[in-house]
2 protein chains.
Amino acid sequence: MNIDQKPLAVNPNILEMEYAVRGPIPQRAAELEKQGRAIIPCHIGNPQALGQTPITYLRQVLALVEEPSKISRERQLKALFEENPYSDLREEDFISEEILALSEDILAKSVTGMGAYTASKGHFFIREAIADFINQRDGYESSTGICADPENIFLTSGASQGVKFVIDLLIAKENDGIMIPIPQYPLYSASIKKAGGVQVNYYPDEERGWIFNRQILEEAFLSAKKDKVNVKGIVVINPGNPTGAVLDEQSMIDVIEFAQEHQLMIIADEVYQENIYQGKFLSFAKVLGTGRVPLISLHSISKGFFGECGHRGGYLELRNPPKIEDSSLDFADLLNKQASVSLCSSTPGQVLTYLMVKPPTENSNSYKRYIEEKNKILDDLHEKAVMVREAFSEMDGMECFGETGALYLFPRINGLPEGTIDFDYCMALLEKTGLCTVNGSGFGQREGTHHLRIAFLPPKELLAQVLPEWIKFHNQYVSK
Amino acid sequence: MNIDQKPLAVNPNILEMEYAVRGPIPQRAAELEKQGRAIIPCHIGNPQALGQTPITYLRQVLALVEEPSKISRERQLKALFEENPYSDLREEDFISEEILALSEDILAKSVTGMGAYTASKGHFFIREAIADFINQRDGYESSTGICADPENIFLTSGASQGVKFVIDLLIAKENDGIMIPIPQYPLYSASIKKAGGVQVNYYPDEERGWIFNRQILEEAFLSAKKDKVNVKGIVVINPGNPTGAVLDEQSMIDVIEFAQEHQLMIIADEVYQENIYQGKFLSFAKVLGTGRVPLISLHSISKGFFGECGHRGGYLELRNPPKIEDSSLDFADLLNKQASVSLCSSTPGQVLTYLMVKPPTENSNSYKRYIEEKNKILDDLHEKAVMVREAFSEMDGMECFGETGALYLFPRINGLPEGTIDFDYCMALLEKTGLCTVNGSGFGQREGTHHLRIAFLPPKELLAQVLPEWIKFHNQYVSK
């Protein structure tokens, strides 16, 4: 029953959208790997694929809530062990009563266990814990009445799902636009494209460490207005992706005042908030304070020191939900509707998000190990970033701006040979050294500039191997 | 800093779309539950929220892959136990070597463990196992060369994600339409609405058990054509949701021939394929055979006897991927692009999908328990369906067509009082008895008919309590 199917016309937005993080260079790396080449995958923020170990606290609890019969069995085993200590097993091979009780508590609060769909926003007790975390982190002052509201918190399958919910809602017409920083994480450009809206670029000041100001924002806005684009929102990624840059408070105040004047929603992607290597994280919610600008703040279990990318967990927090034109509903209702159609986010992701916002307290049994693991990972990350930055200083014309943050560096490659672009450089770097990065054009950049994004995740030994090769490759490449 | 935000104009498609499964009646049930009323939640296919226990095999493995150190510890414990048996613990309290080895094998094949992003389509070894499962289930004949291709299999966060990928791709223009059975699972109507396309209804024959034929399909197609709708695909849900009905082979052949003639893609939602209480499941892929119609087949870990809804796992299998107009890409490439932007589906969902398609073999240690648990759940489900059907026979004017399948019954409520509709009936049923169902209008139905969907999931004792109350309520309600 053979027929000739005529070619299928498909959604042009999907045909056109791009996502360089899993684009041609990583695809080429996968091919080379199949052929037996050793590849160093620095193209994606995927820490546990590069040897980062999971946080014990998280996985102990997750394993127990997935197989609850093991909770009482553990108590039996421990009791037996106490009566009959063996040289083979030590006390630390058993799970603490604290962890056992926490797992039971989570199961009790979930009511229906790990297998059932939860409420569409996610379990209430988890959203409450997230609200507490936010309030604590930002120093909630009861006198001001500002605080996070569990009903305006949505657990999502990774922060990516939250981004799409919001962008899909904001784009009401073809000429609706959303401002995004150039360079940006291409989930934003892809989502805007898929939603049929307009991407409105604004340009953080690279040489001043990727900060921005009112003027930069107004330029972008005016330019959009001239093209008859109706700007609905502005995305800020802090710490930045791909830049890693950490925003200063003044930039944040400027965004808020700008959004207020033009009645925009702010989408604050804060998934790298634990990847700050000097100073303390300042959230948009904190800076907003009693301000009335609608604000979406995103967090995730994928980054920080957890690196639980595969478990797809995160949340979106909404402040100052706007009312909807011609409707009695507000923005939160519509986010909830979208969440309903997907039923709920993954239960392991929800539980890991809960543990992320409710780490062991100082007096607890798990604290010491948790803090050791956390510090080891963060120190290791920072040291690796320093190694890579030092290597840049030996590459002719390579410059890297901004304070180190997130999991990435986004150096500017000056002095590329005539006719070559960063894509060519990255592809050649891959072929020559096995190091897989992503070309700057995949994230957007000022015309005429070239960059690449490298995730500083591989083990130090591997970096120590490949960095000298990169230096050699670079200096040869730019001298052509 | 108070400002008056003007109301926000949002995506009208999201404003308009509906999803009754988490609509007004379940929302009212949640309110009543908060007030202390006892609610029997039969509005959603969420088995483990109603007491169905997880399959031991699945959770044993999942817990181990989440906390791999427990694998070697288990061996240590077993060795110690063998030397020193205790009356408190028995051999069956320990995990079999088989399960330990399987967990190690999964971790080894995953390479990067549970915390890392996987390939966007999902782990290759899992897609291979799914292909094997499909080929075995459908009796792959090597002479014909028909078989499932792991590269055309996509692991998704629940089947819902796969549905959206496909519908979002197919709807290229405003007048593109997709045929859906009335009644349907409202993910389809919501997804088509959100994608900005046209929902084209076709009407299975209720009184003949919800089967359909070429005429029924052509009627719908012609009606769409008259409205200048360009039909791109047809959804079939088998076993049905909400009807539970199981399609006969002729209906399936008719769909395939119809799709072939009009060059449509078939979307076969087969997530309830394990919920068949008499006879054997016949897949669309099997009936298609060497046919060249593009076919999407969907499966999920949420239903069957697994009920792992919260873990969000499933897959989409594509056969005969069409070429794309004005592009060198094919449909699989574009599904892959969408999957890339979401990075990957949840790793627990992927592992549970693997275990679903690779159950214990007959000679294995886990087999006996697995089969006992499976049969207990399926027998229990069927007995409950019978109880509910018997109750229908005592309700004046209640009729229920089609063979029992899936997890639902969709009875037709004849003789409602003048001016009342199924929504009113279901709301009153909820208020009176605490039984939460979903009104037929939430799924679509022939004009002038009234139905409701009930998931026959609660424990028998609970059903035994509420069914007589329902009978009483019903007979009073229709006699007004």
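Residues numbered from 1 in each chain as written. Chains lettered and ligands numbered in written order. Predicted model: local features only at pLDDT ≥ 70, side-chain atom pairs only at ≥ 80, totals over all residues. Heavy atoms only, no water.

1. Observations regarding the nonpolar core
Part 1 of the argument: Phe331, Tyr425 and Trp470 of chain A together with Phe331, Tyr425 and Trp470 of chain B are the most contacted members of the largest nonpolar core, which totals 260 residues.
Part 2 of the argument: Setting aside residues up to four positions removed in sequence, tryptophan 470 of chain B forms contacts with Val388, Phe392, Met395, Met398, Tyr425, Leu429, Thr433, Leu435, Leu452 and Ile454 of chain B. (Core = buried A, V, L, I, M, F, W, Y, C linked by side-chain atoms within 4.5 Å. Buried < 20%, exposed > 50% of the residue type's maximum accessible area, 1.4 Å probe, protein only. Contact = heavy atoms within 4.5 Å.)

2. Re helix 5 (residues 97–110) of chain B
Part 1 of the argument: With 14 residues, helix 5 of chain B extends 20 Å between its outermost C-alpha atoms, agreeing within 8% with the 20 Å of an ideal straight helix rising 1.5 Å per residue.
Part 2 of the argument: The elements touched by buried residues of helix 5 of chain B are helix 3 (56–66), helix 4 (69–83), helix 6 (124–138) and helix 13 (347–357) of chain B. (Helix = DSSP H or I, 4+ residues; strand = E, 2+ residues; numbered from the N terminus. Expected span 1.5 Å × (residues − 1).)

3. Observations regarding the packing of helix 14 (residues 367–392) of chain B against helix 16 (residues 460–479) of chain B
Residue and element names in this part refer to chain B.
Part 1 of the argument: One can describe the packing of helix 14 onto helix 16 by two numbers: an axis separation of 10 Å at closest approach and a directional angle of 15°. Taken together, the axes of helix 14 and helix 16 lie roughly parallel to each other. The element helix 14 and its partner helix 16 pack so that their crossing is right-handed. Facing Asp380, Glu383, Lys384, Met387, Val388, Ala391 and Phe392 of helix 14, the residues of helix 16 in contact are Lys460, Leu463, Ala464, Leu467, Trp470 and Ile471. (Axes fitted to C-alpha atoms, helices over the stretch in contact; angles between N-to-C directions. Parallel < 35°, antiparallel > 145°, perpendicular 65-115°, else oblique. Left-handed = near helix turned anticlockwise from the far one by under 90°.)

4. What to know about the interface of chain A and chain B
Part 1 of the argument: If you look at the interface, chain A gives 98 residues, while chain B gives 98 residues.
Part 2 of the argument: Connecting chain A to chain B are six salt bridges.
Part 3 of the argument: Note that arginine 73 of chain A is salt-bridged to glutamate 74 of chain B, the shortest N-O span being 2.7 Å.
Part 4 of the argument: Run the count over chain A and chain B and you get 47 residue pairs in polar contact (both at pLDDT 80 or more).
Part 5 of the argument: Considering only residue class, the side of chain A that touches chain B consists of 46 nonpolar, 29 polar and 23 charged. (Salt bridge = Lys/Arg side-chain N within 4 Å of Asp/Glu carboxyl O. Polar contact = N/O pair within 3.5 Å; in protein donor to acceptor, adjacent residues only side chain to side chain. Nonpolar A, V, L, I, M, F, W, Y, C, P; charged D, E, K, R; others polar.)

5. Points about the pairing of strand 7 (residues 295–300) of chain B
Residue and element names in this part refer to chain B.
Part 1 of the argument: Across the six residues that make up strand 7, a large majority, six, are buried.
Part 2 of the argument: Side chains Leu295, Ser297 and His299 of strand 7 all project onto a buried face; the interleaved residues Ile296, Leu298 and Ser300 project onto the opposite face, where all are buried too.
Part 3 of the argument: With four bridges joining them, strand 6 (residues 265–269) and strand 7 adopt parallel strand pairing. Its bridge partner being in strand 7, isoleucine 266 is matched across the sheet by leucine 295.
Part 4 of the argument: Relative to strand 8 (residues 314–319), strand 7 runs antiparallel, the two being bridged by six bridges. Across the sheet, the residue bridging to histidine 299 is tyrosine 315, located in strand 8. (Pairing = 2+ DSSP bridges.)

6. Comments concerning the packing of helix 3 of chain B against helix 13 of chain B
All names here are of chain B.
Part 1 of the argument: One can describe the packing of helix 3 onto helix 13 by two numbers: an axis separation of 10 Å at closest approach and a directional angle of 140°. What the angle tells us is that helix 3 and helix 13 run oblique. The two elements helix 3 and helix 13 meet at a crossing, and its hand is right-handed. Residues Tyr57, Leu58, Val61, Leu62, Val65 and Glu66 of helix 3 touch helix 13, and the partners they reach there are Pro348, Val351, Leu352 and Leu355.
Part 2 of the argument: In terms of residue class, the contact of helix 3 with helix 13 is made up of nine nonpolar, no polar and one charged.

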